[in-house]
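What follows is each chain in one-letter form.
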Amino acid sequence: VGSVFWVELLADSSVTVAASLPANEPPPALWLDDERFLTQDFLVKVQEVIKGESPRGASLLVRVPGGTHRFADKKFAVVAPVGFKQPEDGGLYVLFLKTKTKDSAFKGQRLVSEDQGLFALTNGTVEPADLTADDPVNVKYRKMSAATFLREIHKAVPRKSNKE
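Residues numbered from 1 in each chain as written. Predicted model: local features only at pLDDT ≥ 70, side-chain atom pairs only at ≥ 80, totals over all residues. Heavy atoms only, no water.

S.K.: Report on the overall build of the protein chain, specifying residues and quantitative values.
M.R.: What the protein chain contains, in helices and strands, is three helices and 10 strands. Secondary structure elements of the protein chain, listed N to C terminal, follow the sequence α-β-β-β-β-β-β-β-β-β-β-α-α. Buried positions account for 43% of the 164 residues belonging to the protein chain. Here the analysis covers contacts within the protein chain between residues at least 6 apart in sequence; of these, 58% occur between residues at least 24 apart. For the protein chain, the exposed surface amounts to about 9,600 Å²; the carbon and sulfur share of it is 55%. (Helix = DSSP H or I, 4+ residues; strand = E, 2+ residues; numbered from the N terminus. Buried < 20%, exposed > 50% of the residue type's maximum accessible area, 1.4 Å probe, protein only. Contact = heavy atoms within 4.5 Å. Areas by Shrake-Rupley, 256 points an atom, 1.4 Å probe, with all protein chains shown as cover.)

So this is what it looks like as structure tokens:
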């Protein structure tokens, strides 16, 4: 997938949130319809809504690429997208999400872009899930202060008036 700056991610997202991934057992991976690719569904807890509608504290179901599937015979299949870092338990993330279409069986959210749209806020800095070293998004935002990153995103999103 080509490089997309967060302004474009914001424009393409229906919901953008800062959310935490509670420490739990890793969710089971799911085969897509063609049974050639695995995805994982994570339940994240909304800490802040940046764009769109979602109550603070709500849980959102988010689908990301990759995962591990255990078969009945105890063998494993692992799909690890090259250059993509999976969310980790206890992590805090900014997620640029798009709601699935009405006719989809999956009722959760997906990342706006398969390898971009997920940014970890770790130890006060930004870590994009897309690990491509020379990607312009990574060059600009990797190791950026989390506070600066959030401030820039907030400047780009019109805030609702409290006067209504």
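S.K.: I'd love a proper account of the packing of aromatic side chains, names of residues and values included.
M.R.: In this structure the tally under the stated criterion is four aromatic pairs. Here the aromatic rings of Phe119 and Phe149 are separated by 5.2 Å at their centres, their planes lie at 45°, and the arrangement is tilted. A residue pair is termed long-range when its members are at least 10 positions apart, and Phe119 in strand E9 (residues 118–122) and Phe149 in helix H3 (residues 146–156) qualify at 30 residues. Put simply, the rings of Phe96, Phe119, Tyr141 and Phe149 touch in pairs and so form one group of aromatic residues. (Phe/Tyr/Trp six-rings, centres within 6.5 Å; stacked < 30°, edge-to-face > 60°.)

S.K.: I'd like to hear about the nonpolar core, residue by residue, with values.
M.R.: Ranked by internal contacts, the top residues of the largest apolar core, which has 18 residues, are Val17, Leu60, Val62, Leu95, Leu97, Leu111 and Leu118. Contributing elements (two or more residues each) for this core: strand E1 (15–20), strand E3 (38–51), strand E4 (59–65), strand E7 (92–99) and E9. Leu10, Val112, Phe119 and Val126 belong to the second largest nonpolar core, which has 17 residues in total. (Core = buried A, V, L, I, M, F, W, Y, C linked by side-chain atoms within 4.5 Å.)

S.K.: Outline the pattern of salt bridges, listing residues and values.
M.R.: The final tally for this structure, using the stated rule, is four salt bridges. The salt bridge involving Glu88 is made with Lys85; its shortest N-O contact spans 3.4 Å. Linking Arg142 and Glu127 is a salt bridge whose minimum nitrogen-to-oxygen distance equals 2.8 Å. Note that Arg142 is positioned in the loop between helix H2 (136–141) and H3 and Glu127 in strand E10 (residues 125–128), a separation of 15 residues in sequence. (Salt bridge = Lys/Arg side-chain N within 4 Å of Asp/Glu carboxyl O.)

S.K.: Give me the lowdown on the pairing of strand E6 (residues 76–79), citing residues and values where you can.
M.R.: Where burial is concerned, the two faces of E6 differ: the one with Ala77 and Val79 is buried and the one with Phe76 and Val78 is not. When strand E5 (residues 67–70) meets E6, the two strands line up antiparallel, connected through four bridges. When the sheet's bridge partners are listed, Gly67 is paired in E6 with Val79. Once E5 ends, the chain turns through five residues before running back antiparallel as E6, passing Lys74 with a positive phi of about 70°. (Pairing = 2+ DSSP bridges.)

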